[in-house]
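Letter by letter, the chains look like this.
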Amino acid sequence: MSRDVISDEAWAVIGSLFPIAKSTGRPPVDRRTVVEATAWRFRTGAPWRDVPERFGNWNTIYKNFNRWSEQGVWARVLEKTQSLAQQSGDLDWVVSIDSTIVRVHQHGATLPRTTGGVVELQEVR
């Protein structure tokens with residue numbers, strides 16, 4: 001299998017963050033293969049069922065991805081890579097948001113809002 005999805009350097013950094021395979025039950029799937037399949041899937045935007053067979057069964061890949069997501073593994077991978085990028089000066093935290101594409105949720109569009117002015121409350125005693 002070619003290692004064109006995740007480099008050896010990147011795997012050396014994040015490989016230890018993934019859970020160790022259990023020694024009981026079915027034979028474990030290679031963790032790096034699952035990570036590479038997940039990276040391929042999100043890079044291409046393809047459905048899980050279209051993951052190439054060279055990565056293995058798509059359902060196994062999805063189940064591992066989902067389990068690791070629930071366990072917070074992907075959050076730890078993100079934290080680790082961001083901290084390393086920050087330390088090396090490769091990370092820029094500048095963010096630009098264009099308000100023309102930031103829309104309110106449909107249920108929030110009709111909520112009353114305060115405009116910052118005086119609010120008059122009418123009370124009946």
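All values derive from a computational prediction rather than experimental measurement.

Colleague: I would appreciate a short explanation of the packing of aromatic side chains in the present structure.
Modeller: Think of a pair of aromatic rings as described by two things: how far the centres are apart, and how the planes are tilted against each other in angle. Counted according to the given criterion, the structure contains 10 aromatic pairs. On the numbers, 5.2 Å between centres and 40° between planes, the contact of Trp48 with Phe65 is tilted. With a gap of 17 residues between them, Trp48 in the loop between helix H2 (31-44) and helix H3 (58-71) and Phe65 in helix H3 connect regions that are remote in the sequence. Look at Trp48 and you get buried, because its relative accessible area is 12%. The exposure class assigned to Phe65 is buried, which follows from its relative accessible area of 16%. A cation over an aromatic ring shows up here: Arg41 above the ring of Phe42, its NZ or CZ 4.6 Å from the ring centre.

Colleague: Hey, could you run me through the packing of H2 against H3 in this one?
Modeller: When two helices pack together, their arrangement is given by the angle between the helix axes and the distance between those axes. Two numbers describe how H2 lies on H3: the axes approach to 10 Å, and their chain directions differ by 90°. Classified by the angle their axes make, H2 and H3 are roughly perpendicular. Two secondary-structure elements touch here, H2 through Arg31, Val34, Val35, Ala37, Thr38 and Phe42 and H3 through Ile61, Asn64, Phe65 and Trp68. Of the residues that constitute the contact of H2 with H3, the class distribution is seven nonpolar, two polar and one charged.

Colleague: When you look at the side chain of Arg32 in this model, what are you seeing that I'm missing?
Modeller: Mapped onto the fold, Arg32 is located in helix H2. Taking relative accessible area as the criterion, Arg32 reaches 8% and is therefore assigned buried.

Rules used throughout
- Residues numbered from 1 in each chain as written.
- Predicted model: local features only at pLDDT ≥ 70, side-chain atom pairs only at ≥ 80, totals over all residues.
- Heavy atoms only, no water.
- Phe/Tyr/Trp six-rings, centres within 6.5 Å; stacked < 30°, edge-to-face > 60°.
- Helix = DSSP H or I, 4+ residues; strand = E, 2+ residues; numbered from the N terminus.
- Buried < 20%, exposed > 50% of the residue type's maximum accessible area, 1.4 Å probe, protein only.
- Lys NZ or Arg CZ within 6 Å of the ring centre and 35° of its normal.
- Axes fitted to C-alpha atoms, helices over the stretch in contact; angles between N-to-C directions.
- Parallel < 35°, antiparallel > 145°, perpendicular 65-115°, else oblique.
- Contact = heavy atoms within 4.5 Å.
- Nonpolar A, V, L, I, M, F, W, Y, C, P; charged D, E, K, R; others polar.

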